[in-house]
Each structure stands twice: as structure tokens, then as C-alpha cells.
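Examination of the molecular architecture
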Amino acid sequence: MINSLRTTASNPLTLLESTSNLKELHQIHAQLLVSGHLNHPRLLSKFVSLLALSQNTHNLPYSRKILNHSPSSPTTFALNNLIRAHSKPPFNPLLAFNFYSQILHSPSLSPDNFTFTFLVRASAHLTSAAIGAASHAAALKRGHADDPHVQSSLIHMYSSFRSSTACHRLFEGIQDPDVVMQTAMIGAYVASGEIDVARKVFGEMPQRDAIAWNAMIAGYSHVGRCREALELFSAMQGESVRVSEATMVSVLTACARLGALDQGRWAHAYIQKKRIQLTVTLGTSLIDMYSKCGIVDRAMEVFKAMPEKNVYTWSSAMSGLAMNGAGKQCIEVFELMEKEELEPNEITFVSVLRGCSIAGLVDRGLEYFDLMKSKYGIEPWPEHYGCMVDLYGRAGRLEEALQFIKSMPSKPHSGAWGALLNACKIYRNIELGELALNKILEIEAMHDGAYVLLSNIYADFRNWKGVSSVRELMKAKGVRKEPGCSVIEVSGLVHEFFVGDKSHPMYQEIEVMLGEINWKLKLAGYAAKTNEVLFDIEEEEKENALIWHSEKLAIAYGLIALKEGVTVRIVKNLRVCWDCHDWTKFISKVFEREIIVRDRNRFHHFKDGVCSCKDYW
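Just so you know, the residues in each chain are numbered from 1, in the order the chain's sequence is written. Confidence filtering applies because this is a predicted model: local features only for residues at pLDDT of at least 70, side-chain atom pairs given and counted only at 80 or more, and all residues used for totals across whole chains, interfaces and linings. Excluded from the side-chain calculations are hydrogens and water; all other atoms, namely the structure's heavy atoms, are used.

Under an unreviewed UniProt entry, the name given to the protein is DYW domain-containing protein, and the source organism is Dendrobium nobile.

As C-alpha cells, then:
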């Protein structure tokens with residue numbers, strides 16, 4: 001205790017480390033004034049800098065007030081730290097230029113390399129590329145543009161403006177780039193989508209720090225090359241590089257996109273083993289990963305255990321419940337959020353409206369849509385309107401869905417018409433379906449999913465002329481249907497199957513398993529739904545065409561490779577067709593195996609011959 005008091009007496013600024021509110025800050029300030037410590041310019045600058053860079057958001061405005069009312073002139077050190085504090089969110093980066101102006105107009109001060117490092121960082125958060133170019137020009141004029149820290153900040157700034165040409169020109173002009181600049185360049189290439197070029201720079205680095213590894217893993221995850229992200233993470237561990245929160249967020253994102261539950265569970269265990277702090281961001285990523293792997297109960301366990309949550313955490317939990325078919329639970333979580341008096345945002349209401357749609361609560365959905373605008377002042381996004389059309393469509397109220405689209409304040413988007421087209425498919429309404437398709441094609445002429453949906457409607461009515469006309473239209477416009485691809489994870493390895501795929505090493509075993517499955521399902525009463533086969537061919541040929549759909553291949557492999565009783569989990573890039581949906585329901589009952597399929601729209605939890613989507617998707 002005596003030593004602690006002596007430390008405080010010799011350096012009273014240490015008191016700032018434990019302050020948590022404005023009252024305590026006022027007391028420390030008063031003590032420093034009375035003791036005369038703030039009469040010394042060096043100590044004053046230190047005090048202002050500590051406040052400016054503090055984690056407490058109320059300290060930065062206070063530091064500005066102290067500087068404005070100080071009897072002595074501020075130092076470059078203090079002004080640089082105020083520029084630094086304003087160079088990152090949530091603070092206004094434009095204010096950084098006010099402090100830069102103070103340095104320029106002071107007769108005794110001049111900007112240094114730290115000034116421009118932080119000024120350029122502030123410019124990166126502005127939408128004006130002209131301001132960024134002016135900061136670069138000022139650094140050149142003052143002779144600090146060749147400083148390594150300024151150079152790496154310039155690369156980051158031009159990267160934020162999506163100017164990979166400027167980044168590349170800067171990088172090429174550096175004779176011996178250090179690890180900081182090389183890492184900045186990796187981030188620039190990643191931001192512009194040049195992931196392979198980023199990997200080349202990464203591979204040529206003689207030394208790589210944790211930030212470089214994180215940038216590369218995040219880049220792969222961001223562009224959807226998730227398998228490579230996980231492979232790189234494995235290599236990162238092999239080189240004993242320190243793993244941080246940022247690393248694990250990217251790894252969990254990759255696992256979520258792949259639906260790789262085993263690897264996601266391993267990542268969670270790794271976080272716990274390494275005692276990586278479960279921040280709001282990391283916890284939210286865990287919720288998202290478990291939700292997108294179909295383990296919504298585990299996602300909610302993480303949610304409930306989190307000591308701190310923000311609006312994105314709550315929204316992620318609601319989204320997970322909605323996408324897994326738990327609409328009523330989603331609404332319950334929203335009601336709990338309102339009791340906590342946490343203000344929802346646009347993303348929150350997308351989840352809530354989806355929850356209402358899944359639960360079939362049309363009136364409740366309308367209430368929330370109005371509440372979003374009247375109580376919270378949130379202007380609806382296109383996604384909100386799409387949810388409302390889906391809400392009407394799921395309830396079979398197609399005319400009301402159409403009227404809702406017509407009442408939209410702006411031109412209806414393809415998502416709203418797409419939701420109506422999907423409802424027309426479910427309720428077999430050709431006339432409205434044709435209208436919806438034409439509206440979609442006015443907006444997105446290359447929308448392959450819309451063509452396929454209308455083709456399915458025609459095929460359902462055995463209108464082969466209609467099917468043929470859609471196919472001819474696709475051919476004339478150069479629209480190609482995206483090939484179906486299904487992914488399954490077994491023992492930590494991800495296996496991909498495409499429609500008609502015979503490339504898997506266990507293809508012969510899969511073919512035998514498909515034969516056994518179909519034999520058992522037919523005994524149980526299954527009959528192939530051939531009405532969606534878009535060709536006027538014999539029934540037997542149609543059945544043969546259906547058996548090679550990618551999810552059937554993946555499920556057959558899962559039944560071979562996974563132990564009895566283990567849930568089969570599939571991720572598919574397209575909508576599940578009617579036949580595959582019916583086929584999987586039968587398997588879940590006949591083989592007594594739970595199957596979870598995540599398609600383009602939502603999750604399908606198959607168990608005992610029933611699906612969580614209630615046959616609407």
C-alpha cells in the first residue's frame with residue numbers, strides 16, 4: 001500500500017488507469033491542478049494524451065476541453081495523440097484535421113512522421129478520396145512520405161478507397177518493404193478481391209507476423225474460399241504464431257459458411273483452452289457459427305453465457321433461431337431484448353420478420369413492420385419488404401402480397417418479386433408467377449433462379465411448351481443455371497458433391513448405397529416427384545435424373561461414412577427441390593437418422609419423416 005501511494009505521488013497520472021467515470025476523472029483533474037503538476041507542459045501533454053487514448057469514450061471530449069483551456073501551448077506529442085484518437089471509429093475523423101491545423105499554425109511546432117501516420121489513418125475512414133490524396137501530398141511536401149509507418153498507412157488508406165493501382169504503385173516504389181508494409185499490401189489486395197496476388201505476397205515474405213496471417217485468413221474467408229482459410233489456420237498453428245481474437249473470428253466465419261461443425265467445435269474448444277477472451281465480437285461469431293451449422297441450442301447456450309451483448313449479438317441469436325425454423329422463439333428473444341431496453345437496428349427487424357414468417361404470424365409481422373418505423377424511426381430496407389411479401393406468401397395470401405409490393409414507396413426490387421414467385425411455386429399460381437418473373441427480369445436479366453422457379457411451375461402443370469420457352473429464353477440471353485453443389489463434413493474433412501458427380505473416391509460405394517436407399521424408401525411408400533424434371537421424357541428416365549442430385553450423393557456418403565445415430569449435415573448452394581425434400585423426409589424415418597440440410601434460403605431439420613420448414617421454402 002505504501003509503495004502504491006509513493007508511485008501515485010511521484011506519478012499521479014497512474015490514477016487514470018483505474019478511473020471509470022466522469023466523477024472520478026474530475027477528482028483526479030482537481031488533484032493535479034492543486035498539486036501544480038499541470039503547470040508543466042510535458043505532464044500536461046501526457047495527461048491529455050492518456051485521456052485521448054483511453055478506452056473510456058467520455059475521456060476524449062474531456063481531453064479536448066483541457067487542451068482548449070490550458071494556459072500553456074500544446075505540444076506536438078499531445079496534438080499527435082488527439083489526431084490518433086480521431087483516426088479510428090467511433091470518433092469523427094474530420095476532427096483530426098483540426099489538430100493538424102493547430103500544428104501548422106503554431107510558430108513553435110511542425111508535423112512529424114507520427115502526425116502523418118495518424119492523419120492518413122483518419123483519411124482512410126472518410127468517403128472523400130480527395131482528402132486522402134491531400135494528406136498524401138502534405139506528407140510528400142513535408143518530407144515524411146518515405147517513412148515506413150506513413151507508407152503502410154498510405155497503402156491502407158488507398159485500400160479503403162478500393163484503389164489497388166495506387167497501392168501497388170506505392171508498394172513497388174519501396175526498395176525494402178518491411179513486414180508492416182507487406183502486411184498492409186496483403187490487406188489492400190484482399191480488399192480489392194485479388195486474393196491470389198495477396199497470397200503471392202504472403203508467400204514471399206521472409207518473416208510473417210500474426211497480423212499478416214490474420215489478414216490472409218480473413219481474406220480467404222471474406223471471398224468464400226473457406227477451405228483455404230482453414231488450411232492456412234492449420235499452417236499458422238504449425239509455425240507457432242500467436243492466435244488472437246481476430247484469427248478466431250475469421251476461422252469461425254469460415255466454419256459457418258462451410259457448415260463445418262466439427263471444425264467449429266474444435267475452434268470453440270481452442271478458444272477456451274487458450275483462454276482467449278470471449279469478447280462481444282468473438283461471442284457473436286460463435287453464435288453465428290453454431291446457428292449456421294444447425295445447432296441452435298448450442299448457439300443459445302453461448303448467447304446466454306455471454307457477459308456482455310450488443311445489438312449485433314441479439315440480432316445474430318434471433319437470425320439463428322429464424323433460419324432454423326424456430327420462429328416463435330425468435331420473437332420471444334426480441335421481446336426479451338425490448339425488456340432490456342436495448343434499441344434494435346435494421347438487422348434485428350430482418351430476423352424478427354423472418355421469425356414471424358416461419359411461425360405464420362402475419363398480423364404480428366405487420367405490427368412489427370409498423371413498429372420499426374413508428375417507434376424506432378427505422379426506414380425499411382429492401383430485405384424488410386421481401387420478408388413481408390414472404391410472410392403473405394407463406395400464408396397463401398398471394399393477392400395481398402402483390403398489393404403490398406405495389407404499395408412500396410420505391411420501385412420494387414427483385415427480392416420482393418422473388419418471394420412472390422416462390423409463393424406462386426408453392427401454391428401453383430402460373431399467372432402471378434409469370435408476372436413475377438417478368439418483373440424480376442426487368443431488374444436482373446441474368447437471374448438464373450427466377451427462370452428455374454418458373455420452369456418448375458410450368459413442369460408441375462406438365463406445360464412442356466412453357467418449360468421449353470423458358471429454356472429458349474435462358475439460352476438466348478446466355479443465362480446458365482448454377483450447378484448444384486452439396487458439402488458434407490466427415491471427421492473434420494469437407495467433401496463436395498456436384499450434380500451427377502462421379503469423382504469421389506468412394507463413388508462405387510455411394511452408388512450401391514443409393515440403390516439400397518431407393519429400394520427401402522419405395523417399400524415405405526416413397527414415390528419420386530418427377531414433375532420438376534424439366535424434360536418431357538419417360539418416368540423412369542426422370543427418376544434416374546433425380547437420383548444424381550448433389551444432396552442425395554452427399555446424404556448417401558454420410559450414411560456410409562458416419563457412425564449410426566450421428567446426424568447427417570449438408571450445406572447446399574441452391575434451393576432443395578421437392579423430390580429431394582420428400583426423399584430426405586423418408587430417409588429420416590426409414591433409417592432413423594436426423595438430417596440437417598442448409599440450402600440457399602434456410603435450414604431443413606428432417607426428423608421422423610417431418611421437416612422443420614413445414615414444407616414451405
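Each helix is a run of H or I in the DSSP string that is no shorter than four residues. Each strand is a run of E no shorter than two, and both are numbered from the N terminus. Of the regular secondary structure elements, the protein holds 32 helices and six strands. Along the longest, intermediate and shortest principal axes, the C-alpha atoms of the protein span 95 × 55 × 55 Å. Summary of the burial criterion: residues with accessible area below 20% of their type's maximum are buried, those above 50% are exposed, and those between are partly exposed, where the area comes from a 1.4 Å probe applied to protein chains only. With 617 residues in all, the protein has 51% of them scored as buried. Only heavy atoms enter the contact rule, under which two residues are in contact if any of them lie within 4.5 Å. Across the protein, every contact between residues at least 6 apart in sequence was considered, and the portion connecting residues at least 24 apart equals 63%.

As a further point, take unusual backbone geometry. Non-glycine residue Lys 614 carries a positive phi angle of around 60°. Following the sequence through the fold, Lys 614 ends up in the segment after strand 6 (610–611). Although it is not a glycine, Asp 615 sits at a positive phi angle of roughly 65°. Summarising the element assignment, Asp 615 is placed in the segment after strand 6.

Our focus in this paragraph is the packing of helix 9 (residues 148–160) against helix 11 (residues 179–191). Where helix 9 meets helix 11, the closest approach of the two axes is 9 Å, and the angle between their N-to-C directions is 5°. Considering their axes alone, helix 9 and helix 11 lie roughly parallel with respect to each other. Residues Pro 148, Gln 151, Ser 152, Ile 155 and Ser 159 of helix 9 form the contact with helix 11, whose own contacting residues are Val 180, Met 181, Ala 184, Met 185, Gly 187, Ala 188 and Ala 191. For this classification, the nonpolar set comprises Ala, Val, Leu, Ile, Met, Phe, Trp, Tyr, Cys and Pro, the charged set comprises Asp, Glu, Lys and Arg, and every other residue, Gly included, is treated as polar. Of the residues contributing to the contact of helix 9 with helix 11, the split by class is eight nonpolar, four polar and no charged. What counts as an axis is a line fitted to C-alpha atoms, over the stretch in contact for a helix, and the angles between N-to-C directions run from 0 to 180 degrees. Here is the rule for angles: anything less than 35 degrees is roughly parallel, anything more than 145 is roughly antiparallel, 65 through 115 is roughly perpendicular, and the remaining ranges are oblique.

UniProt positions are given in the numbering used here, feature names are shortened, and annotations may be inferred rather than shown by experiment. If you check UniProt for "repeat: PPR" (unreviewed entry), the listed places come out as residues 209–243 and 310–344 in our numbering. A distance of 10 Å separates the end C-alpha atoms of residues 209–243, which is 74% helix and 0% strand. In this annotation, residues 310–344 is assigned 74% helix and 0% strand; the end-to-end C-alpha distance for the span is 10 Å.

With that out of the way, let us pick up the pattern of salt bridges. By definition, a salt bridge exists where a carboxyl oxygen of Asp or Glu is found within 4 Å of a side-chain nitrogen of Lys or Arg. Evaluation of the coordinates by the stated rule reveals 15 salt bridges. As a salt-bridge pair, Glu 228 and Arg 225 come within 2.8 Å of each other at their nearest N and O atoms. The class for Glu 228 is partly exposed, based on a relative accessible area of 27%. For Arg 225, a relative accessible area of 25% gives the class partly exposed. A salt bridge links Glu 301 to Arg 298; the shortest N-O distance between them is 3.0 Å.

Moving on, we get to the pairing of strand 5 (residues 603–607). Among the five residues of strand 5, four are classified as buried, and the element is accordingly described as predominantly covered. Relative to strand 5, strand 4 (residues 595–598) is paired through four bridges, and the arrangement is antiparallel. When the bridges of strand 5 are listed, Ile 596 appears paired with His 605. Strands qualify as paired when DSSP identifies two bridges or more between them. Following strand 4, the chain reverses through four residues before pairing antiparallel with strand 5.

Let us look at the pairing of strand 3 (residues 568–572). The buried fraction of strand 3 amounts to five of the five residues, a majority that puts the element mostly inside the structure. Alternating positions in strand 3 separate into two faces, Val 568, Ile 570 and Lys 572 on one and Arg 569 and Val 571 on the other, with burial throughout. Where strand 1 (residues 485–490) lies against strand 3, three bridges are found, and the strand directions are antiparallel. Counted as the bridge partner of Val 487 is Val 571 from strand 3. Note: strand 3 against strand 4, four bridges, orientation parallel. Along strand 4, the bridge assignment pairs Val 571 with Arg 598. Call a crossover right-handed when, viewed with both strands pointing away from you, the route from the first strand across the helix to the second goes clockwise. Remark: the strand 3/helix 32 (residues 578–590)/strand 4 crossover connection has right-handed handedness.

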